[in-house]
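# Commentary on secondary and tertiary structure
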Amino acid sequence: MKAVGYYENLPSSDPKSLVDLDLPKPSPTGRDILVEVKAISVNPVDTKIRQGRAASNGQPEVLGWDATGIVAAIGPEVTGYAPGDKVWYAGDISRPGTNSEFHLVDERIVGRMPETLGFSAAAALPLTTLTAYEMLFDRLKVTEPVAGGAKAVLIIGGSGGVGSIAIQLLRALSDVTVIATASRPETQAWVTELGAHHVIDHSQPLAEQVAALDIGAPSFVFSTTHSDSYISEVTSLIAPQGRYGLIDDPAAFDIMPFKGKSISIHWELMYTRSLFQTADITRQQDILNEVAALVDAGKVRTTTDEPLGLITAENLRKAHGMLESNKTKGKLVLEGFPG
C-alpha cells in the first residue's frame, strides 16, 4: 500500500524529511477496524513528531492523526462497525499514523462521519474537535459557573485549527460569551464568521482589551499557543477561582502567578484516553458522533477550504512547512493517493 513517512529527523524543506513509501497492508485483530483512508489533515503534532521521534530498527515512521475513510475489514471483537461504513477519527499517537492507504484503529475512538460532508471537509475536524471538546467540557467545564466571574471564555489563538472548532462548539453547546484572539484582518474576519462575540488582538496587551469589553472578568481561558508568553496577562484578566487550560508545549511554564486567584490549571492531550486505555475511552466515539450530528444539523462547519492535493510526500512537506510558519488559518487537508 502507498504511504508517506520518514527515516530521519530533518527540516520540512529537505526532500528526505518525508518520503513516499510502499508498505504491507495490515490486517485487523481484536477491536481494530481497517480503514481505507480517503482524506487526512495535518496537525502541529505531526511536525513535532517528525522533528523529534526517531525511526527505529530501520523501519519508517508514518505520521498522521486525522482521517476519514471507509471501513474495509474488522477485527473479530468489533461490534460497532461493518465494512462499507464511512468513519472519521484522530487515532492513537503510539501507533502508526493515517498517512497510508489503509490504517488500523481501535473502534472505540472512531465515530461515524457526518452525512453532509465529503471526505476532505470532514477530515479537517476529528483531532481539533476532540481536543476542543475535551478541554471545554471535560476539563474546564465551561457550563459550570465560576462564582462572580463573567460567563465568558477567552480563546487565545482563535483562528487556528483548535480555536476554530472551539468557537463553534461553544456557540452550539453553551450560552457562554466567546472572546477570540486574532491579529490579522483575515483571521479576525474568520473568527467573527465562526461565531466569536468579541475579537481582540493577541499582539497587543490582552488584559486592557478584555477590560474594554466591559463584560467583567472571564471565568475561563483556553490557551492554544504560546501559553508561556501570556501568563502575566491571563492572571490579570481571569476571574478569581477561574479555570485555565492549555494544549501547547511551552519549554517552561510558571504556575505560581495563578496561586493568588486560586486558578485551576488544566492540561488537555487528546491522546490520553487511547494511550492509557482509560475506562472512559469510548467517550471519544461519543464526542465524534455528537459533533457529526451538529455538523449535519448545520450548527458546526468544516474548518478547511480546498484540499492541498493528493496524499504524497511532496504535498505533506509543503503542509508541514505551512504549519511551521504559524500563519495558517483553519486546517490543512489532503485527499486521495496517487493512482
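The sheet built from six strands is open, its strands ordered E11-E10-E9-E12-E13-E14 with parallel pairing. Only two strands of the sheet have a single neighbouring strand rather than two, namely strand E11 (198-200) and strand E14 (264-267). The mean inter-strand angle of the sheet, taken between neighbouring strand axes irrespective of direction, is 20 degrees. Across four bridges, strand E12 (residues 218-223) lies against strand E13 (residues 243-246) in parallel orientation.

In total, this model carries five aromatic pairs according to the counting rule given. Note on Tyr 244 and Phe 258: the rings are 5.0 Å apart at their centroids and 35 degrees apart in plane angle, and the pair reads as tilted. On the criterion of sequence distance, the pair formed by Tyr 244 in strand E13 and Phe 258 in the loop between E13 and E14 is long-range, its members being 14 residues apart. A residue is classified by how much of its surface remains accessible, and Tyr 244, at 1% relative accessible area, is buried. Clustering of aromatic rings is evident, with ring pairs tying together Tyr 244, Phe 253, Phe 258 and Trp 267. Across from the ring centre of Phe 102, 4.3 Å away, lies the NZ or CZ of Lys 25, which sits over that ring.

Here we take up helix H9 (residues 283-296). Taking 1.5 Å as the rise per residue, H9 with 14 residues should run 20 Å; its terminal C-alpha atoms sit 20 Å apart, in good agreement. Every buried residue of H9 is accounted for by Gln 284, Gln 285, Ile 287, Leu 288, Val 291, Ala 292, Leu 294 and Val 295. Those residues of H9 that are buried lie in contact with strand E6 (86-89), strand E8 (110-112), helix H3 (126-139), helix H4 (161-173) and helix H8 (272-275). Of the residues flanking the end of H9, it is Gly 298, one or two places downstream, whose phi is positive at about 80 degrees.

Once that is clear, we can look at the pairing of strand E9 (residues 150-156). Within E9, six of the seven residues are buried, which leaves it mostly tucked inside the rest of the structure. Here five bridges tie E9 to E12, and the two strands are oriented parallel to one another. Residue pairing in the sheet places Val 153 in a bridge with Phe 220 of E12. At this point the chain moves from E9, through H4, to the parallel strand E10 (residues 177-181), and the crossover so formed is right-handed.

A few words now on a nonpolar patch on the surface. Together, Leu 269, Leu 275 and Phe 276 make up a nonpolar patch on the protein surface, roughly 320 Å² of accessible area in all. Here Phe 276 is to be found in the loop between H8 and H9.

Glancing now at the pairing of strand E7 (residues 102-106). Judged by how many residues are buried, E7 sits mostly within the fold: five of five residues are covered. Residues Phe 102, Leu 104 and Asp 106 point to one face of E7 and His 103 and Val 105 to the other, with burial holding for every one of them. Bridge count between strand E3 (residues 32-42) and E7: five bridges; the pairing is antiparallel. When the bridges of E7 are listed, Asp 32 appears paired with Asp 106.

Turning next to the nonpolar core. Counting residues in each nonpolar core, the largest one holds 81 residues, and the members touching the most others are Leu 169 and Phe 222. Of the residues forming this core, the biggest block, seven residues, is contributed by H3. If near-sequence neighbours (up to four positions away) are discounted, Phe 222 is found in contact with Ala 132, Met 135, Leu 136, Leu 140, Val 153, Leu 154, Ile 155, Ile 156, Val 162, Ala 166, Gly 245 and Ile 247. One finds Ala 150, Leu 206, Val 221 and Leu 237 within the second-largest nonpolar core, a separate group that totals 19 residues.

Below, the discussion takes up unusual backbone geometry. With a phi close to 55 degrees, Ser 262 is a non-glycine residue in the positive phi region. On the secondary structure map, Ser 262 appears in the loop between E13 and E14.

What follows deals with the sheet that holds strand E4 (residues 61-62). Whenever strands of a sheet pair, they do so through backbone hydrogen bonds, lying parallel or antiparallel. Taken together, three strands build an open sheet; the order of strands is E2-E1-E4 and the sheet is antiparallel. Every interior strand has two partners, whereas the edge strands, strand E2 (19-22) and E4, have only one.

Conventions adopted
- Residues numbered from 1 in each chain as written.
- Predicted model: local features only at pLDDT ≥ 70, side-chain atom pairs only at ≥ 80, totals over all residues.
- Heavy atoms only, no water.
- Pairing = 2+ DSSP bridges.
- Helix = DSSP H or I, 4+ residues; strand = E, 2+ residues; numbered from the N terminus.
- Axes fitted to C-alpha atoms, helices over the stretch in contact; angles between N-to-C directions.
- Phe/Tyr/Trp six-rings, centres within 6.5 Å; stacked < 30°, edge-to-face > 60°.
- Buried < 20%, exposed > 50% of the residue type's maximum accessible area, 1.4 Å probe, protein only.
- Lys NZ or Arg CZ within 6 Å of the ring centre and 35° of its normal.
- Expected span 1.5 Å × (residues − 1).
- Contact = heavy atoms within 4.5 Å.
- Right-handed = clockwise from strand over helix to strand, strands pointing away.
- Patch = residues over 30% accessible without salt bridge, like charges linked within 9 Å, V, L, I, M, F, W, Y side chains within 5 Å.
- Areas by Shrake-Rupley, 256 points an atom, 1.4 Å probe, with all protein chains shown as cover.
- Salt bridge = Lys/Arg side-chain N within 4 Å of Asp/Glu carboxyl O.
- Core = buried A, V, L, I, M, F, W, Y, C linked by side-chain atoms within 4.5 Å.

By themselves, these observations are geometric and do not establish any function.
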